[in-house]
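Take a look at the letters that make up each chain.
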Amino acid sequence: MVHYHCFSDKHILCKNYIYHYNPHLGSITLASDGKSLTGLWLDGQKYFPYKLISESIKTELPIFTQTCNWLDTYFSVKVPDFTPPISLNTTPFRKVVYEVLLSIPYGQTMTYGEIANIIAKQKGIECMSAQAVGGVVGHNPISIIIPCHRVVGTDGSLTGYAGGPDKKIELLKLEKVL
């Protein structure tokens, strides 16, 4: 494995960059490999990669400008008409789940079971575990843009959200779901 070193005055060899965005919802940390968005976490979110902070350069990049424009549009209660470039270093199964999440329209929700059924149908299998889907949704590294907040329990309950139930409620209210 190649390890890259970050130099404060040279961004050429750095593998990780971060930027902080501060909407009314609270601070959000963005991460990038220099070209694509690799992370977006709400402050206090479960599974936040704290080691990322010490191994990254805090800077402005075009991808962060694009992502902030997307977030500004979203938080002004408008549907963004683009998605910033995203790069996920993850398993094929997780990528499939994230693609289904990206297909959930603004202002709508989907259950874990519905996502599992979509994936089962895509794979040509009889069934897929809604719990397996839930595990992936809970570890979503790009919150809000990959809209895991739009996933609800079978009965419509606002089950688990790594950003916290209060943030999930705020996001769903913003989208006029609640």
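The structure we're discussing is the one just above.
Here the structure is a predicted model, which means the values were calculated and not measured.

Where helix H4 (residues 112-123) meets helix H5 (residues 130-138), the closest approach of the two axes is 8 Å, and the angle between their N-to-C directions is 105°. Our classification of the angle between H4 and H5 gives roughly perpendicular. Facing H4, whose interface residues are Tyr112, Gly113, Ile115, Ala116 and Ile119, H5 presents Ala130, Val133, Gly134 and Val137.

Of all six residues in strand E3 (residues 37-42), five are buried; the element is thus mostly enclosed. Of the pairings in the sheet, the one linking strand E2 (residues 28-32) to E3 comprises five bridges and is antiparallel in character. Opposite Leu30, over in E3, you have Leu40 as the bridge partner. A loop of four residues connects E2 with E3, the two strands running antiparallel in sequence, and Gly34 in this loop sits at a positive phi of about 110°.

With that out of the way, let us pick up the pairing of E2. Counting buried positions along E2 gives five out of five residues, so the element sits mostly inside the fold. Residues Ile28, Leu30 and Ser32 of E2 are buried on one face, and the alternating residues Thr29 and Ala31, pointing to the opposite face, are buried as well. The pairing of strand E1 (residues 17-21) with E2 spans five bridges and is classified as antiparallel. By the bridge assignment, Tyr17 is partnered in E2 with Ser32.

The next point concerns the side chain of Lys167. Examined against the element boundaries, Lys167 turns out to sit in helix H6 (residues 165-174). Buried and without a salt bridge, Lys167 has Asp166 as its closest oppositely charged side chain, separated by 4.2 Å. Those residues in contact with Lys167 that sit more than four places away from it in its chain are Leu25, Leu42 and Tyr161.

Once that is clear, we can look at the nonpolar core. Among the nonpolar cores identified, the biggest contains 42 residues, and Leu40, Phe75, Leu101, Val133 and Ile144 are the most heavily contacted of them. Mapped onto this core, the elements with two or more residues apiece are E1, E2, E3, helix H2 (62-75), helix H3 (92-102), H4, H5 and H6. By residue number, the principal contributor to this core is H2, which donates seven residues. Contact partners of Ile144, with chain neighbours within four places excluded, come to Leu25, Ile28, Leu40, Leu42, Trp70, Leu71, Tyr74, Phe75, His149, Tyr161 and Leu171. One finds Ala31, Trp41, Phe48 and Leu52 within the second-largest nonpolar core, a separate group that totals five residues.

Below, the discussion takes up the sheet that holds E1. Within the open sheet, the four strands sit side by side as E3-E2-E1-E4. Their pairing is mixed. Each having just a single partner strand, E3 and strand E4 (57-58) make up the two edges of the open sheet.

Moving on, we get to the side chain of Ser27. In this fold, Ser27 is placed in the loop between E1 and E2. Separated by 3.1 Å, the side chains of Ser27 and Asn22 make a polar contact. In this view, Ser27 contacts His20, Tyr21, Asn22, Trp41, Leu42 and Asp43; residues no more than four positions away in its chain are not counted.

Here we take up the pattern of salt bridges. Scanning the entire structure with this criterion turns up one salt bridge. The salt bridge partner of Glu175 is Arg150, with a shortest N-O separation of 2.8 Å. Pair noted here: Glu175 is in the segment after H6 and Arg150 is in the loop between H5 and strand E6 (151-152), with a separation of 25 residues, a long-range link.

Relative orientation of the contacting elements H3 and H4 amounts to 120°, with a least axis distance of 10 Å. Taken as axis vectors, H3 and H4 run oblique relative to one another. H4 is crossed by H3, and the crossing has right-handed handedness. Residues Phe93, Val96, Val97, Val100 and Leu101 of H3 form the contact with H4, whose participating residues are Ile115, Ile118, Ile119 and Gln122. Partitioned by chemical class, the residues of the contact of H3 with H4 number eight nonpolar, one polar and no charged.

About the criteria used
Residues numbered from 1 in each chain as written. Predicted model: local features only at pLDDT ≥ 70, side-chain atom pairs only at ≥ 80, totals over all residues. Heavy atoms only, no water. Axes fitted to C-alpha atoms, helices over the stretch in contact; angles between N-to-C directions. Helix = DSSP H or I, 4+ residues; strand = E, 2+ residues; numbered from the N terminus. Parallel < 35°, antiparallel > 145°, perpendicular 65-115°, else oblique. Contact = heavy atoms within 4.5 Å. Buried < 20%, exposed > 50% of the residue type's maximum accessible area, 1.4 Å probe, protein only. Pairing = 2+ DSSP bridges. Lys, Arg positive; Asp, Glu negative; His and termini not counted. Salt bridge = Lys/Arg side-chain N within 4 Å of Asp/Glu carboxyl O. Core = buried A, V, L, I, M, F, W, Y, C linked by side-chain atoms within 4.5 Å. Polar contact = N/O pair within 3.5 Å; in protein donor to acceptor, adjacent residues only side chain to side chain. Left-handed = near helix turned anticlockwise from the far one by under 90°. Nonpolar A, V, L, I, M, F, W, Y, C, P; charged D, E, K, R; others polar.

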